[in-house]
Amino acid sequence: MKPNFPSVLIRYVLCLLVCYLANISVSQATISGVSQLHNGTDYCVSGNNYSVRYDNSPYFFNSNCTYNINGYVPSGYYVVVYVAQVTTGGVGVLSSSLYIDSKTNLNSAPLHFTGNGKVILPYQMNYAMCLGLKNTQTNDIYIFVSSNNRPEACSAGVPPSPTPPPPPTSCSINNSNTLTVDLGTLERAKLPTDPAAGSVSQKTIPIPVNCTGGAVSVKMNLSYTAITVAGKSVVKSSTNGLGVGIIYNDQVLAPGANTPLQFNEGANQLNLSFITVRDPSITLADISAGAFSASATLVLTQQ
């Protein structure tokens, strides 16, 4: 009879393997490198540290406090700050800056900051204390340590979002290239004197607009040097008495006027019409023949 020791050994090894795998712990995401608070004793600020007395000369100094954090914040550079409040508020920077991407789940991405030296608390009073991440561009604060007994101390910020923030939207006009419109060869006597009348000199150009990040609401604004023809503003050209009207949805666009537009994510098309007009107060003989030019700047501002 063959001994059964090998099979027992295999079962034992498998049991050890299963037990070992079952006890693997998932590491928590952390913020580390945060300064300690000196307030008679040295400690890392927590939700229980809601009464920090000034008569103990409180200040933060370089250390390596570590905190768990969950959620998402918008892309940008962040510093660790304290938020202190009783009857007045105070925010102080406790670290150098660190870039955080909006796609980063803070629950799975350890963030190591570097303390920025001694930071003395500014007010002579008792403090309620919170810690947060401050976006250096927007100044928005995302609280990750909250004062348990004084929640009003954290009113300057909000917790990180449990879901990723929506991606930023942006649009490019004409693939970011200058738009050149060739109005062709025109006969002076046949040029209209009203840009809203339309004529053979009107030319419609489809302008590509490409957007990323979702649908976008914008305001269209034109900037140009104007002359007035038939009570309407048109772009002044290099030839005296000639102007170019810019038309959208049958409306002549005045400089500085805002026109609301809506674009979908991806490829869009903006149709603008251009019409050459003459000032009827200028005689035909005084309108020089030859090439002329006119220019305007188109700006789309996201709402």
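These remarks concern the structure in this document. (Residues numbered from 1 in each chain as written. Predicted model: local features only at pLDDT ≥ 70, side-chain atom pairs only at ≥ 80, totals over all residues. Heavy atoms only, no water.)

**Quick notes on the overall build of the protein**
Tallying secondary structure elements over the protein gives one helix and 21 strands in all. Counting only contacts in the protein whose residues sit at least 6 apart along the sequence, the fraction spanning at least 24 positions is 74%. For the protein, the accessible surface area stands at approximately 17,000 Å², while carbon and sulfur atoms represent 52% of it. (Helix = DSSP H or I, 4+ residues; strand = E, 2+ residues; numbered from the N terminus. Contact = heavy atoms within 4.5 Å. Areas by Shrake-Rupley, 256 points an atom, 1.4 Å probe, with all protein chains shown as cover.)

**Quick word on unusual backbone geometry**
A positive phi angle, close to 65°, is found at S176, a residue other than glycine. Among the secondary structure elements, S176 is positioned in the loop between strand 12 (170–173) and strand 13 (203–212). Exposure remark for S176: the relative accessible area of 61% places this residue in the exposed category. You will see that A230, though not glycine, has its phi angle at about 55°, which is positive. (Buried < 20%, exposed > 50% of the residue type's maximum accessible area, 1.4 Å probe, protein only.)

**Looking at the environment of P255**
Locating P255 in the fold gives a position in the loop between strand 18 (251–252) and strand 19 (258–263). Assessed through its relative accessible area of 31%, P255 is described here as partly exposed. With 22 residues separating them along the chain, P255 and S233 place their C-alpha atoms 7.4 Å apart. Sequence-distant contacts of P255, that is, excluding residues within four places in its chain, are made with L222, Y224, A226 and S233.

**Notes on the pattern of salt bridges**
This structure, assessed with the given rule, holds two salt bridges. The closest approach of N and O atoms between D194 and K232, which form a salt bridge, is 3.6 Å. Pair noted here: D194 is in the loop between strand 12 and strand 13 and K232 is in strand 16 (residues 232–236), with a separation of 38 residues, a long-range link. Taking the relative accessible area as the measure of exposure, D194 reaches 26% and is therefore partly exposed. K232 sits in the partly exposed class, given a relative accessible area of 28%. (Salt bridge = Lys/Arg side-chain N within 4 Å of Asp/Glu carboxyl O.)

**A few points about the state of the cysteines**
This model, assessed by the stated rule, comprises three disulfides. With its sulfur 2.0 Å from that of its partner, C44 forms a disulfide with C65. A torsion of -90° about the S-S bond marks the disulfide between C44 and C65 as left-handed. Highlighted residues: C44 in the loop between strand 2 (42–43) and strand 3 (52–53) and C65 in strand 4 (residues 59–68), separated in sequence by 21 residues. (Disulfide = S-S within 2.5 Å.)

**A few points about the sheet that holds strand 21 (residues 297–302)**
What links the strands of a sheet is backbone hydrogen bonding, and the strands pair in either a parallel or an antiparallel sense. A sheet is described by the order of its strands in space; here three strands give the open sequence 19-14-21, paired in antiparallel fashion. The two strands at the open ends of the sheet, each matched to only one other strand, are strand 19 and strand 21. Neighbour to neighbour, the strand axes of the sheet diverge by 30° on average, direction disregarded. The sheet contact formed by strand 14 (residues 216–223) and strand 21 spans six bridges and is antiparallel. Residue pairing in the sheet places N221 in a bridge with V299 of strand 21. (Pairing = 2+ DSSP bridges. Axes fitted to C-alpha atoms, helices over the stretch in contact; angles between N-to-C directions.)

**Structural notes on the pairing of strand 16**
Note: strand 15 (residues 226–229) against strand 16, four bridges, orientation antiparallel. Paired with I227 across the strands is V234, a residue of strand 16. From the end of strand 15 to the start of strand 16, which pair antiparallel, there are two residues, and A230 there has a positive phi angle of about 55°. Relative to strand 17 (residues 242–248), strand 16 is paired through two bridges, and the arrangement is antiparallel. Bridged to V235 within strand 17 is V244. From the end of strand 16 to the start of strand 17, which pair antiparallel, there are five residues, and G241 there has a positive phi angle of about 90°.

**Digging into the environment of S155**
If you trace the backbone, S155 turns up in the loop between strand 11 (141–145) and strand 12. The spacing of S155 and I141 is 14 residues in sequence and 9.7 Å in space, taken between C-alpha atoms.

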